[in-house]
Every structure is written in structure tokens, then in C-alpha cells.
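# Structural overview
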Amino acid sequence: MKAVVYKGPRDVVVKNVPDAKIEKATDVLVKITTTNICGSDLHMYEGRTNMEPGRIFGHENLGTVIEIGSAVERIKLRDRVCMPFNIACGFCENCERGLTGFCLIANPGNAGAAYGFAGMGPYSGGQAELLRVPYADFNCLVLPPDAEEKENDYVMLSDIFPTGYHATELAGVQAGDSVVIYGAGPVGLMAAYSSIIKAASKVMVVDMHKDRLALAEKIGAIAVDDSDGSAVEQVLALTAGQGADRGCECVGYQCCDHKGHEVPNLTMNNLVKTVRPSGGIGVVGVFIPEDPHAKDKLAKQGQIVFDFGQFWIKGQHIGTGQANVKAYNRKLCKLIAEGKAKPSFIISHELPLDRAAEAYENFDARKEGWTKVVLKPGH
Ligand SMILES: NC(=O)c1ccc[n+]([C@@H]2O[C@H](COP(=O)([O-])OP(=O)(O)OC[C@H]3O[C@@H](n4cnc5c(N)ncnc54)[C@H](O)[C@@H]3O)[C@@H](O)[C@H]2O)c1
Ligand SMILES: [Zn+2]
Ligand SMILES: [Zn+2]
């Protein structure tokens, strides 16, 4: 089968590799029809994780079931399914509580597994023609009859729509709240979209990229352009000097100042400044325990200088981590099916799998107009 293989920093290639196959009785095999490139892939693509060369990327996957393991009961041949990026067993202590991002079984010795992901188990990704799906009865979301027609919407259920929603849950967003979101990438835009779905009164999205900010405005959020480094003042001005009720971090450890230099603690400390006393902060942007290629000593060890005194005195609270996609994907799927949500609005490029290298290069450069790429292995 053809697959997107990581060769080394900023180097991916589409090449023939051995076909994915059923390895356990609880697996199914899925023929991938849509698979996205994610901001999480970029940390790996840039060589800023311990991703091993030779592995297949791709954790945002949708396709058709073409083979079924002997112990699979619920999933049927030809079902159209979307897989959470998390691989979860469904029966461990964390899965039982809905915390499928922290499954204790799928990646032994660690909490949490995923397809094609650094540090999250040996599983191959789905930027390929075929994908092996473990614990398939638990992990496959079977899509409604309009699956084909709304494929570009449903594929966002694999990660970024639930992840954006998770950011708002961690922050505690409720109807009437004001929300500030750092990052207008796909995840930040989905956090803004989720806040709007939850009837937030005011949603402010901070970034420096005008094309991405324009998408935020299109869904009814207020764009806060940080090109001159004034985001904090702008948000405070928009919230009568108090800060927003809730804040979401949707950038991660590679966040930059307005001059484009990486400053890993910038968004976290800006959140402390721009969320009101007693407000909530949800952090879904990725922070990693080790970053050997970081420029400063602290960052190499995954540490940042955090304004804990301000955070404490303001009585804020914080929630972090990988999204438990399965906790939300069925409900968000119903919003899409009923025409109440259309997350495909963020897609800028729909390309055949063969053009993955070019797509990675442009998306990684945050090139104007490259907001989200969906790859189509069948084309
Ligand atoms: N927790 C999870 O489950 C989960 C799931 C998916 C993605 N993620 C993570 O979410 C983050 C965002 O993903 P994405 O796909 O949207 O990526 P992305 O890289 O396309 O978007 C990030 C955006 O943040 C902006 N940005 C950079 N510095 C900023 C700053 N100081 N203030 C405001 N904005 C700033 C960039 O200009 C960019 O538009 C990544 O770290 C990704 O790994 C986490
Ligand atoms: Zn993703
Ligand atoms: Zn589990």
C-alpha cells in the first residue's frame, strides 16, 4: 500500500510499504478515504519529538471497513467509520471513566495511545491506503447514511472538533461566558466553533495569520491580531479590563511571539493575564516532557517559567492533556448529521495522498491560505 512515511526532520515521502493487516481478533481493517494533516503532525515533522524515522503518520482517519477480526461483533463489512485519534481498550480503569486519551492498556507502561504518533505506541498512522484499527468495536464510530456526502465534516470527528470542544470543557465554557482562545489553527478554530455552539456571549481568537483570523470572524468570533504583540491589551480592552471568563490554549510549546521567535511560555502566561479572577483555562495545545532541540535549557526539559503567583492569586483553574475524543464524537456527529455543525469550513486543500510532501511543507510554513489539508488516498 502507499503511505506517508517520516524520513527525518521536514522530510516525508509517499512510498509503497507492506499492507496494514489484521493482527488481533479484535481488529478491523479500514480502507482510508480521507485522512488529515494535523498541527500535531508538524511537531513530529519538524523533528521536535522522538518520532522514529520509517513510521507512517496520520491520526485523523475515516474510511470503509474491508475486513473484520473474528472477535469483532458490532462493526460490519462496508461500514463507514471515523476513528478517534486515541486508540483505547474500552475496559481499563481510565477508559471506563471516559478518559480514553489515557488508556492504560493500549500503550503498556504509558497512559494513552494513538495512530502514527510519537510516544503513543507502535501503531501505524492512516495517511495510507489501509489502516489497522485495534479494539475496533470500541474505537470505530459508525457514521450516519449521509457519510459520503458529508465526509469532510465527519472526518473532523477524529480529532480537532472533539479536541476544540474538549478545550472548552476543560476551561468550563457555559452559555453566556466570554472566551479567549490562543491559536487560530484548526484546533483553535474548533474551540471557537464549540464555544459558539455552547452559546458563549463573546469569543475572541488570537493569532497573527490573517487568513486564519478571517475564518474565526466568519463563524462569529472576534479576531485579535497579535501582529504587533498587543493581544493582551486588546483582550483586556474587550473585557472591561477584567479578562475573559474562560481561556483556551490551542497552540502548544512551539508558540511564537509576534516576531516569529519561539517563546514556549508565552500563551500560558498570556492566558493568566487575560482570564478573569476565578476563571478557567483549558490547555489542549501540546506541551511535551522533553524537547531536545529547544533553544533554552528549561525548554529542553519540557519546563516553562509560569506566572504561578498571578495564577494563584487570581484563583484560576486549569485543565490539560490529550482530548478524550470518544467522550464527544458521537454527540458532535449528531450535530453534523442534523445540519447544526459544519466543521469542514476550515478546509483549504483537498489533495491526493501522493501530494502529501508538498502539503506538509506548505502547512508547516503556515503559508497563507493553508489552514487545513485533507488527503484522499483513493484519488
Ligand atoms: N490535546 C489534544 O488532544 C490535541 C489534539 C490535536 C492537536 N493538538 C495540538 O493543538 C495545537 C494546535 O494544533 P493546530 O492543528 O491548530 O496547529 P497549527 O500549528 O496549525 O496552529 C497553531 C496556531 O497558533 C498560532 N500561534 C503561534 N503562536 C501564537 C501565540 N503566541 N498566540 C496566539 N497564536 C499563536 C499559529 O500562528 C497557528 O496559526 C498543536 O500543539 C497540536 O499538537 C492537541
Ligand atoms: Zn490531530
Ligand atoms: Zn483503556
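Above this note sits the structure.
Residues numbered from 1 in each chain as written. Chains lettered and ligands numbered in written order. Predicted model: local features only at pLDDT ≥ 70, side-chain atom pairs only at ≥ 80, totals over all residues. Heavy atoms only, no water.

Another point: the packing of aromatic side chains. Aromatic rings in a pair are described by how distant their centres are and how their planes are angled relative to each other. On inspection of all chains with the given rule, the structure shows eleven aromatic pairs. With centroids separated by 6.4 Å and ring planes inclined at 55°, the aromatic side chains of Phe-306 and Phe-308 adopt a geometry described as tilted. By relative accessible area, Phe-308 is classed as partly exposed at 47%. Relative to Phe-311, the ring of Phe-308 lies with its centre 5.6 Å away and its plane at 45°, an arrangement referred to as tilted. One end of the pair is Phe-308 and the other is Phe-311, both in helix α11 (residues 308–313) and three residues apart, which spans about a single turn. Looking at Phe-311, the relative accessible area reads 9%, which means it is buried. Through successive ring pairs, a cluster of aromatic residues spans Tyr-6, Tyr-45, Phe-57 and Tyr-360. (Phe/Tyr/Trp six-rings, centres within 6.5 Å; stacked < 30°, edge-to-face > 60°. Buried < 20%, exposed > 50% of the residue type's maximum accessible area, 1.4 Å probe, protein only. Helix = DSSP H or I, 4+ residues; strand = E, 2+ residues; numbered from the N terminus.)

Turning our eyes to something else, we now look at the coordination of the zinc ion (ligand 3). Protein coordination of the zinc ion (ligand 3) is provided by Cys-89 (SG), Cys-92 (SG), Cys-95 (SG) and Cys-103 (SG), with donor distances spanning 2.4 Å. We note that the donor set of the zinc ion (ligand 3) lies within a single chain, spaced as C-x2-C-x2-C-x7-C. Looking at Cys-89, the relative accessible area reads 5%, which means it is buried. Here Cys-95 falls in the buried class, since its relative accessible area comes to 6%. (Donors = N, O, S within 2.8 Å, 3.2 Å for Na, K, Ca; no water.)

A few words on the side chain of Lys-198. Mapped onto the secondary structure, Lys-198 falls in the loop between α6 (186–197) and β11 (202–207). A relative accessible area of 13% means that Lys-198 is categorised as buried. For Lys-198, the side chain forms a polar contact with the main-chain oxygen of Val-173, separated by 3.5 Å. Excluding residues that lie within four positions of it along the chain, Lys-198 makes contacts with Tyr-165, Thr-168, Glu-169, Val-173, Gln-174 and Ala-175. (Polar contact = N/O pair within 3.5 Å; in protein donor to acceptor, adjacent residues only side chain to side chain. Contact = heavy atoms within 4.5 Å.)

Geometric descriptors of this kind do not, in isolation, establish any biological role.
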